[in-house]
Amino acid sequence: SGQIAVVRHASNGNAGGSPVMFDAGEDAYINLLPLLAPTPLGFVLVGGDEVRVRPLDFALSPIGDAVDLGVGPWAYGAVAASETGVAVHLSEPYGSKLFLLQDGAVTGTLPFGGGGKPGLRAALIEEGASFGMLAPDVDANGYDGGELVYRLIEPGAASISQGMQDVDFSFAGD
């Protein structure tokens, strides 16, 4: 309770040492599971009742200070890391925010509407120095049209419609 534990596992599934513990705070309205993504230098860990981004080395030790995103967790989240930055997508009621980070600081925040009370669900992937985001297509009123769109998010200065492409299939529900 109140901690995020990270531990390496061997190929046989057994823990390969003691867990590294991070303070996660307490009493978040929704406890989003911690998010973990590989980086060229190790990993990036995202979590806590006030969501923080923590760079870790391959031994799971912190590299530098955690970056506080200034928001609490909600229903959905995603993280991706490149050689030069990190993208964190966090849902919020009736929408979401995409945070872009470089050199231990938030360089941009992009808001998205839609997704109802749990917010908008998305997947992120590293695309060189940019990030790809796959999410439901929503209209101007925030309603999900049942289709997916793929956006290419350039570091530091993307608009929410830049690089949007329809994905060649539909899905039903969340």
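Residues numbered from 1 in each chain as written. Predicted model: local features only at pLDDT ≥ 70, side-chain atom pairs only at ≥ 80, totals over all residues. Heavy atoms only, no water.

*Asks:* Explanation requested: the overall build of the protein in the structure shown.
*Replies:* The helix and strand inventory of the protein stands at 0 helices and 14 strands. Sequence-ordered secondary structure for the protein, helices as α and strands as β, is β-β-β-β-β-β-β-β-β-β-β-β-β-β. Accessible surface, the protein as shown: approximately 9,300 Å² in total, 52% of it carbon and sulfur. (Helix = DSSP H or I, 4+ residues; strand = E, 2+ residues; numbered from the N terminus. Areas by Shrake-Rupley, 256 points an atom, 1.4 Å probe, with all protein chains shown as cover.)

*Asks:* Would you explain the environment of Ala-5 in this entry?
*Replies:* Inspection of the secondary structure puts Ala-5 in strand 1 (residues 3–6). Not counting chain neighbours up to four residues away, the residues in contact with Ala-5 comprise Pro-19, Val-20 and Met-21. (Contact = heavy atoms within 4.5 Å.)

*Asks:* Before we go on, may I ask you to explain the side chain of Ser-96 in this structure?
*Replies:* You can see Ser-96 is positioned in strand 9 (residues 95–102). For Ser-96, a relative accessible area of 0% translates into the label buried. Polar contacts involving the side chain of Ser-96 include one to the side chain of His-89, which spans 2.8 Å. In contact with Ser-96, other than residues within four places in its own chain, are His-89, Leu-90, Ser-91, Leu-110, Pro-111, Phe-112 and Leu-120. (Buried < 20%, exposed > 50% of the residue type's maximum accessible area, 1.4 Å probe, protein only. Polar contact = N/O pair within 3.5 Å; in protein donor to acceptor, adjacent residues only side chain to side chain.)

*Asks:* When you look at unusual backbone geometry in this model, what are you seeing that I'm missing?
*Replies:* If you check the backbone angles, Tyr-94 has positive phi at about 65° while not being a glycine. Among the structural elements, Tyr-94 can be located in the loop between strand 8 (86–92) and strand 9. For Tyr-94, a relative accessible area of 54% corresponds to the exposed category. A positive phi is found at Asp-103, a non-glycine position, where the angle reads about 50°. One can find Asp-103 in the loop between strand 9 and strand 10 (105–113). Asp-103 sits in the exposed class, given a relative accessible area of 79%.

*Asks:* Which parts of the structure should I look at to understand the pattern of salt bridges?
*Replies:* Side chains carrying opposite charge are able to pair once their charged atoms draw close together. Inspection of every chain in the model, using the stated rule, returns 2 salt bridges. The residue Glu-50 makes a salt bridge to Arg-52 at a minimum N-O spacing of 3.8 Å. For Glu-50, a relative accessible area of 41% translates into the label partly exposed. Accessibility expressed as a relative area gives 22% for Arg-52, which makes it partly exposed. The partner of Glu-92 in a salt bridge is Lys-97, and the shortest N-O contact between them spans 3.9 Å. Given a relative accessible area of 26%, Lys-97 falls into the partly exposed group. (Salt bridge = Lys/Arg side-chain N within 4 Å of Asp/Glu carboxyl O.)

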